[in-house]
Amino acid sequence: MRKKKGAITIVLTLVLALSVFLSGCSGSKSESASGGSKDVTLRILVWNNNPEGTKLEGKIFRAFEKENPGIKVKQVFAPYDKFNDKFLTMSAGGDQPDLVWIQPSAFGQFVSKGVLMDLSDKKIDKGAYMPNVMKLGQVDGKQYALIRDASTFQLGYNKDLFDAAKVPYPKDNWTWDDFLDAAKKLTKVKNGKTVQFGMENFYTSELLVENGGGIVSKDGKKVIIDSPESIEAVQFGSDLINKYHVQPTSAQSQGLSNMFLAGQAAMKMMGPWDWADTAKNAKFKWDVVPLPAGKAGNVSASAYLPIGIGKGTEHPDEAFKLLTFLSSGKGQDMQAKTLSAVPVVKRNADQIEEMSNAPSNAKSLANTLKEGKTIMNAPYIPEYAEIVNKVQPVIDNINLKGKDADKELKKIADQVRSEYNLK
Amino acid sequence: MNKSRTFQFYMFILPWLIGFLALTAGPMLYSLYMSFTDYSGLGVPNWVGFENYQKIFSSDPLFWQSLWNTIFYTVFGVPLGLIVGYLLAVLLNANVRFMGVFRTIFYLPSLVPTVASSLLWIIIFQPDFGIANAVLSFFHLPTSNWLLSEQMVKPALIIMSLWGAGGGMVIYLAGLQSVPASLYEAAELDGAGKFRKFWNVTVPMTSNVIFFNLIMGLIGSFQIFTQAYVVSSGNGGPNYKSLFYVFYLYQDAFKFFKMGYASALAWILFIIILIFTAIQFKVFGSKVYYEHDE
Amino acid sequence: MSMELAEAKVKPAVKARKARGIKAGKRIERIITYVLLITLSALFIFPFLWLIGTSLKPENEAMTFPPALLPKEWDFANYKDVFTIVDFGQYYVNSIIVSIFAVLGTVLSSTLVAYGFARIKGKGRNFWFMILLGTMMLPPQVTMIPVYMIFSKLGWTNTFLPLIVPQFFGSAYFIFLLRQFFKTIPKELEESAFLDGCSTFGIFWRIILPLSVPAVITVALLSFMWTWNDFLYPLIYLNDDAKYTLALGILQFKGALLVQWGPMMAASVLVILPLILLFFLGQKYFIQGIATTGGKG
């Protein structure tokens, strides 16, 4: 009896001793508290495109610290598809980061739940930004985030394959017809099997934008996935696969993310984030042009990074200083070279062409952005992510089984309307 | 005696009891409370009564779809997993050379991170050039789109899980070690053959671990999530046919910010698992061999 | 240890039978066993070979069709990347610290608690056992936030404590597993020890634990591997890069728009190599198969 009690006491003491030892050595206070010294530490929650990126971001933060003595910046990382797990637990635990990168699909939720600080009254140099950029951080006319990089998809193409098929290179003002024409000529079939495709994968979300369609209207009030423009866009995407066979079916492409790099697809959706990888690994000459025009012209969906300030921050002024530095200050002058991140301020539009690994027609990207030819396609309503999740399987089914876009989209549109009380 | 035994019992389970009261009970009750609110994971929860539960049962087709997917997976996957794991363990309990190497090899699939192994399975099940279809067409059997097929995606996921049967195997191996050799001796003297020894000695004497793997297999299978999440790129496709219950619950909680709703889903699942487990205890519990209790 | 004794006692009898031997039958059985083992091994080792193959492929080869098991050109750059781009060395240290303490905690507490549940008939035992099983039936996704709140209140976020301390309160899974083993140990052993004047704890420590070595080793191995491979809790609780564990380290290669398959596979290989070694060493303690009558004898 006595012996047993003794043993349990030992175990419990061990647990306690261990906890004291471990907490003692790793510092038990959360870092956002400023501790004894006057240094303020800001925490910013980020994801990454690759681990190098996380390191390079650090360079910009160090530059900020140099310019603002007394403020330290600490990055907290969470992978993109687990980002909300981390942010939600931190916030609920009263341990919210001071600044946070925001996934556009979650922006509406963050705002409606009052997680983000309203920046409308802050001093923002609105004139510095390229067109459309300010709006990307607004909900109902109020500014809840500033944008750090804004870019868009373009069409990347394999020059060698175009040469071999004697097809002229794509142009900046290409239309869907031009694109389809070339794609057909670039598709090669051998013994009944397609060995080379014209296009790797034309995302339906982009086709919708190029044709002036979408899932929900920009103000978030109307379901537009069954508009004539949307139906035409989805049908065109399905036809590329099921009618013209210039793009692989999902059965053919499953598990292959790099058909373009492998020289098995002549064209591909490409953003500046792909440049480094393509330059490093492509064994052929390549270049880019804006996405071909549907009914809405040579426009494409805006791909952007909003950064917000957590409402719970103890250092709102310092946090805003950092946000300004990143979205319009010196960070903007550094990021093209350091991070290969496309700047959002007018003064640096030309830097896009000088980014490392930039293809020769990188100017076309700068033009698209300068001329405001990017479209915001994710309305900031709280239910948006859920609605996309309902619509996507329908589009997948149209592409997979060649079902009639008109019929299927009308059905799902009505379902979404009644479920979410939309027009 | 009885009183002091009770005292001793509580002293032994004290570590767990403290942990339960300090770290587990509170959060469980908290989530139960959340299930009656519109909590989003952010901001303040508002009490909504039974609204979440009502919506789940009356107007959420994905609840029924994901529940059906999960039950299908459990009903076929768990027994298959039990049998395959057990047979592997029996095979790996033989006394042959290099057994350590073999055991390690069979356990390997359980070690490979899911992100990596899922990618491998995507390639194996690739309709155009994957190994699965190559084998089928070699035997002139009909091929399939596997992970892209509404009918075959769940069987494909069950096949994937069998390949990880080495996890259960380890526990069986430990169980097989505890079978006293004297019992085999006795059976041999009675003239029992291989099969009868296996059926009359090995199986009953390892029923303690078989039962364990059955219960835990059930609980785990009802909460299956990661593999399907990775092979369907997070959307449970095709057409929600691989959207398992906890997968849907996760989407609700962390993608759609409906933590209250997800909590209600979680408690419904809790009840379902509880019922299934109770049935297993009733049906099989009495057949498990234990040394006689006090 | 006494298991071995029991085994030694029966061995002469086995030997005697064998001497009379049905040798041909044994040989055939053996051949079948080997054939089965080798064929199945090929099936089970495939993922690992593929993992290694992919980790040695340059990026443009990583995802092409038809997929090749082996790279066209061997490229160790991915491995170099893993160590130069992220601080993998530090992650190793962190993973080792966390896993060792977690195993220590799990084994110490789970064996004690399991013994209570298996052998001491106290009032309320069935009730608490049901609760124990019940804690595993609620998906952890919905308790993640409140658990975080507790650790955050304690000021333990961004330390290893939330990953380690809970293990010292026992894991329901392992408690249940060990209970299953303890329940099969012959009662007489305990009774005679009791008559010899052993306390309950003495019985647990001197009789039950030594008889359960295979089970305890299994628990230690499994808990080590699970802690080692878990990324969710480290993700939630750790903020500093310098405190990351290996499993969390791997996730850094899964970017928002691009996955770097080569380095990710290389990292995966590096993460599981120690586990393979550990398993290979640990499995010996499942001891020679007593259940079989074949072998060198």
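Residues numbered from 1 in each chain as written. Chains lettered and ligands numbered in written order. Predicted model: local features only at pLDDT ≥ 70, side-chain atom pairs only at ≥ 80, totals over all residues.

- Looking at an unreviewed UniProt entry, one finds chain B named Sugar ABC transporter permease, with Fictibacillus fluitans as its source organism.
- Annotation of chain B in UniProt includes, under Subcellular location (unreviewed entry), the sentence "Cell membrane". (UniProt positions renumbered as here; feature names shortened; annotations may be inferred.)

- For chain A, the name recorded in an unreviewed UniProt entry is Sugar ABC transporter substrate-binding protein, with Fictibacillus fluitans as its organism.

## Details of the overall build of chain B
So, point 1. Within chain B one finds 14 helices and zero strands.
So, point 2. Each helix and strand of chain B, placed in order from N terminus to C terminus, yields the pattern α-α-α-α-α-α-α-α-α-α-α-α-α-α.
So, point 3. Each principal axis of the C-alpha atoms in chain B carries an extent, and together these give about 70 × 70 × 30 Å.
So, point 4. Expressed as a percentage of its 294 residues, the buried residues of chain B come to 51%.
So, point 5. Within chain B, counting contacts between residues at least 6 apart in sequence, those at least 24 apart form 68% of the total. (Helix = DSSP H or I, 4+ residues; strand = E, 2+ residues; numbered from the N terminus. Buried ≥ 20, exposed ≤ 12 C-beta atoms within 10 Å, placed from the backbone. Contact = placed C-beta atoms within 7 Å.)

## Some details on the overall build of chain A
So, point 1. Each helix and strand in chain A was counted, giving 16 helices and 13 strands.
So, point 2. Projected onto its principal axes, the C-alpha positions of chain A cover 80 × 60 × 50 Å.
So, point 3. Within chain A, buried positions represent 50% of all 423 residues.
So, point 4. Put simply, of all contacts in chain A between residues at least 6 apart along the chain, 73% involve residues at least 24 apart.

## Quick look at the confidence of the model for chain A
So, point 1. The predicted model of chain A has a mean per-residue pLDDT of 88, with 91% of residues at 70 or higher.
So, point 2. This model gives residues 16–36 of chain A a pLDDT under 50, and the stretch forms 33 contacts once residues within four places in sequence are excluded. (pLDDT = per-residue confidence, 0-100.)

## Structural notes on the interface of chain B and chain C
A common way to report how large an interface is uses the accessible area buried once the components associate.
So, point 1. At the interface, 82 residues of chain B touch 88 residues of chain C.
So, point 2. Looking at the side of chain B that touches chain C, the elements that each hand over two or more residues are α1 (2–34), α4 (99–111), α5 (114–124), α8 (166–177), α9 (181–189), α11 (207–222), α13 (245–255) and α14 (259–284) of chain B.
So, point 3. Top element by residues in the side of chain B that touches chain C is α1 of chain B. It accounts for 19 residues.
So, point 4. For the side of chain B that touches chain C, the residue count by class is 55 nonpolar, 21 polar and six charged. (Nonpolar A, V, L, I, M, F, W, Y, C, P; charged D, E, K, R; others polar.)

## A short note on the UniProt feature "transmembrane region" (unreviewed entry) in chain B
All names here are of chain B.
So, point 1. UniProt records the feature "transmembrane region" (unreviewed entry) for residues 12–33, 71–92, 104–124, 130–148, 155–175, 209–231 and 264–284 in the present numbering.
So, point 2. Here residues 12–33 runs as 100% helix and 0% strand, with 31 Å between its end C-alpha atoms.
So, point 3. Along residues 71–92, the helical share is 100% and the strand share 0%, with 31 Å between the first and last C-alpha atoms.

## Some details on the interface of chain A and chain B
So, point 1. At the junction of the two partners, chain A supplies 28 residues and chain B supplies 24 residues.
So, point 2. Elements with a contribution of two residues or more to the side of chain A that touches chain B: α1 (2–26), α3 (83–92), α4 (104–112), α9 (250–253) and α15 (384–401) of chain A.
So, point 3. Looking at the side of chain A that touches chain B, the element that brings in the most residues is α15 of chain A, giving eight residues.

## Digging into the domain arrangement of chain A
All names here are of chain A.
So, point 1. Each domain of chain A was delimited in the assignment, giving domain 1 (40–150 + 302–375) and domain 2 (154–300 + 377–420).
So, point 2. Each side of the interface is counted separately: domain 1 has 25 residues, and domain 2 has 24 residues.
So, point 3. Mapped by element, the contributors of at least two residues to the side of domain 1 that touches domain 2 are α4, α14 (362–370) and β13 (374–375).
So, point 4. At eight residues, α4 tops the list of elements feeding residues into the side of domain 1 that touches domain 2.
So, point 5. In terms of residue class, the side of domain 1 that touches domain 2 is made up of 12 nonpolar, 12 polar and one charged. (Domains from an automatic or database assignment.)

## Details of the UniProt feature "domain: ABC transmembrane type-1" (unreviewed entry) in chain B
So, point 1. If you check UniProt for "domain: ABC transmembrane type-1" (unreviewed entry), the listed places come out as residues 67–280 of chain B in our numbering.
So, point 2. A distance of 19 Å separates the end C-alpha atoms of residues 67–280 of chain B, which is 73% helix and 0% strand.

## Some thoughts on the sheet that holds strand β8 (residues 188–190) of chain A
Residue and element names in this part refer to chain A.
So, point 1. Strand order in this open sheet of five strands is β8-β9-β10-β7-β11, and the pairing throughout is mixed. Edge strands, defined here as strands with exactly one partner in the open sheet, are β8 and β11 (286–289). The mean angle between the axes of side-by-side strands here comes to 25 degrees, regardless of whether they run parallel or antiparallel.
So, point 2. As defined by bridge partners, strand β9 (residues 193–199) adjoins strand β10 (residues 265–270) across two bridges and the pair is classed as parallel. Across the sheet, Met-199 pairs through a bridge with Met-267, a residue of β10. (Pairing = 2+ DSSP bridges. Axes fitted to C-alpha atoms, helices over the stretch in contact; angles between N-to-C directions.)

## Considerations on the packing of helix α8 (residues 228–242) of chain A against helix α16 (residues 405–420) of chain A
Residue and element names in this part refer to chain A.
So, point 1. Where α8 contacts α16, the two axes come as close as 9 Å, and the packing angle between them is 130 degrees. Judged by the inter-axis angle, α8 sits oblique to α16. Taken as a pair, α8 and α16 cross one another with a handedness that is right-handed. Listed contacts from α16 to Ser-230, Ile-231, Val-234, Gln-235 and Ser-238 of α8 are Ala-405, Asp-406 and Leu-409.
So, point 2. Partitioned by chemical class, the residues of the contact of α8 with α16 number four nonpolar, three polar and one charged. (Parallel < 35°, antiparallel > 145°, perpendicular 65-115°, else oblique. Left-handed = near helix turned anticlockwise from the far one by under 90°.)

## A short note on the environment of Asn-367 of chain A
So, point 1. Following the sequence through the fold, Asn-367 of chain A ends up in helix α14.
So, point 2. In this structure the C-alpha to C-alpha distance between Asn-367 of chain A and Asp-350 of chain A, which are 17 residues apart in sequence, comes to 9.4 Å.

## Some words on α4 of chain B
So, point 1. The end-to-end C-alpha distance of α4 of chain B is 18 Å, a good match for the 18 Å that 13 residues give at a rise of 1.5 Å each.
So, point 2. Its axis deflected by about 25 degrees at Ile-105 of chain B, α4 of chain B carries its strongest bend there, up to four residues before the proline Pro-109 of chain B.
So, point 3. The buried count for α4 of chain B comes to 11 of 13 residues, which makes it a mostly enclosed element.
So, point 4. Here α4 of chain B has its buried residues at Met-99, Phe-102, Arg-103, Thr-104, Ile-105, Phe-106, Tyr-107, Leu-108, Pro-109, Ser-110 and Leu-111 of chain B.
So, point 5. Here the buried face of α4 of chain B lies against α3 (61–92), α5 and α8 of chain B together with α2 (23–55), α12 (213–229) and α15 (261–282) of chain C. (Expected span 1.5 Å × (residues − 1). Bend = angle between axes of the 7 residues up to and from the residue.)

## So, the environment of Leu-291 of chain A
All names here are of chain A.
So, point 1. Mapping Leu-291 onto the fold places it in the loop between β11 and β12 (300–309).
So, point 2. With 28 C-beta atoms counted inside 10 Å, the residue Leu-291 sits in the buried group.
So, point 3. Note: C-alpha distance between Leu-291 and Pro-170 (121 residues apart in sequence) is 9.7 Å.
So, point 4. Once residues lying within four places of it in the same chain are set aside, the contact partners of Leu-291 are Phe-153, Gln-154, Leu-155, Glu-206, Glu-210, Asn-298 and Ser-300.

## With respect to the pairing of strand β7 (residues 154–158) of chain A
Two faces make up the sheet, and in a regular strand the side chains alternate between them.
Residue and element names in this part refer to chain A.
So, point 1. Among the five residues of β7, five are classified as buried, and the element is accordingly described as predominantly covered.
So, point 2. Because side chains alternate across β7, one face comprises the buried residues Gln-154, Gly-156 and Asn-158, and the other comprises Leu-155 and Tyr-157, equally buried.
So, point 3. In the sheet, β7 pairs with β10 via four bridges, with the strands oriented antiparallel. Across the sheet, the residue bridging to Gln-154 is Met-270, located in β10.
So, point 4. Note: β7 against β11, four bridges, orientation antiparallel. Following the sheet pairing, Leu-155 is matched in β11 by Val-289.

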